Amino acid sequence: MSYTSLENLINIIPQKELANLTNDDRYTEEINENIVNSAAVYADELINAYLRNKYKLPLKTVPQLIVNLASDIAAFRLYTRRPSKMPEHIKERYDAAIKILTHIKKEEMLLDLPSEHPEAEI
């Protein structure tokens, strides 16, 4: 199960823009779901790399914060296919996601998952 979805990405990137980012054929308005899934997998793997030593993976319950971070990371990844079109807010959201993941890794922030983080229960 991925932390993000096509629907989450459509909330960040307008559908027509998402079609442009995921297809190399300029004349189609269909979203290439394989490219979207690839970006989602990248986001999942990056998030898991930050969480690996702090939480038991895969997460049994995915907090909304993780869904949002995965969506921001996947959106950034999609825009890297067309770097000249990278909106500033997409870059800013990606940078913020990485900062939050760094805080989680350093335990300056904790996810609200006590069963996933048994040391917190002791």
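Since this is a predicted model, take the numbers as computed values, not measurements.

Calculation notes
Residues numbered from 1 in each chain as written. Predicted model: local features only at pLDDT ≥ 70, side-chain atom pairs only at ≥ 80, totals over all residues. Heavy atoms only, no water. Helix = DSSP H or I, 4+ residues; strand = E, 2+ residues; numbered from the N terminus. Contact = heavy atoms within 4.5 Å. Phe/Tyr/Trp six-rings, centres within 6.5 Å; stacked < 30°, edge-to-face > 60°. Buried < 20%, exposed > 50% of the residue type's maximum accessible area, 1.4 Å probe, protein only. Lys NZ or Arg CZ within 6 Å of the ring centre and 35° of its normal. Core = buried A, V, L, I, M, F, W, Y, C linked by side-chain atoms within 4.5 Å. Salt bridge = Lys/Arg side-chain N within 4 Å of Asp/Glu carboxyl O. Axes fitted to C-alpha atoms, helices over the stretch in contact; angles between N-to-C directions. Parallel < 35°, antiparallel > 145°, perpendicular 65-115°, else oblique. Left-handed = near helix turned anticlockwise from the far one by under 90°. Lys, Arg positive; Asp, Glu negative; His and termini not counted.

With respect to the secondary-structure elements, Ile90 resides in helix α5 (residues 88-105). Here the alpha-carbon distance between Ile90 and Lys106, two residues 16 residues apart in the chain, equals 24 Å. Setting aside its immediate chain neighbours within four residues, Ile90 contacts Ile12, Ala75, Phe76 and Tyr79.

Aromatic ring pairs are described here by two measures, namely the spacing of the ring centres and the angle between the planes. For the coordinates displayed, the defined rule picks out one aromatic pair. Taken together, a centroid distance of 3.9 Å and an interplanar angle of 15° make the contact between Phe76 and Tyr94 stacked. Here Tyr94 lies in helix α5 and Phe76 lies in helix α4 (residues 64-79), a separation of 18 residues in the sequence. Take Tyr94: its relative accessible area is 14%, and that puts it in the buried class. The ring centre of Tyr42 lies 3.9 Å from the NZ or CZ of Arg77, which sits over that ring.

Here we take up the nonpolar core. In terms of nonpolar packing, the biggest core is built from 37 residues, with Ile13, Ile47, Leu51, Leu59, Ile66 and Ile73 touching the most fellow members. Looking at this core, the elements that each hand over two or more residues are α1 (6-12), α2 (15-22), α3 (33-51), α4 and α5. Residue contributions to this core peak at 10 residues, all from α4. Those residues in contact with Leu51 that lie beyond four places of it in its chain are Leu57, Leu59, Ile66, Ile104 and Leu111.

Another aspect to go through is the pattern of salt bridges. The tally for this structure, following the rule as stated, stands at six salt bridges. In this structure, the salt-bridge partner of Glu17 is Lys85, at a minimum N-O distance of 3.6 Å. With Glu17 in helix α2 and Lys85 in the loop between α4 and α5, the pair connects residues that are 68 residues apart, well separated along the chain. Residue Glu17 is classed as buried on the basis of its relative accessible area of 17%.

Here we come to the packing of α3 against α4. Where α3 contacts α4, the two axes come as close as 8 Å, and the packing angle between them is 125°. Classified by the angle their axes make, α3 and α4 are oblique. At the point where α3 passes α4, the crossing takes the right-handed sense. When α3 is examined against α4, the residues Ile35, Val36, Ala39, Ala40, Tyr42, Ala43, Leu46, Ile47 and Leu51 are found in contact with a partner set consisting of Ile66, Leu69, Ala70, Ile73, Ala74, Arg77 and Leu78.

Structurally, the position occupied by Asp44 is in helix α3. Lacking a salt bridge, the buried Asp44 has Arg52 as its closest oppositely charged neighbour, with an N-O distance of 11 Å. Dropping the residues within four chain positions of it, Asp44 is found in contact with Met1, Ser2, Tyr3 and Thr4.

The analysis is restricted to geometry; functional conclusions fall outside its scope.
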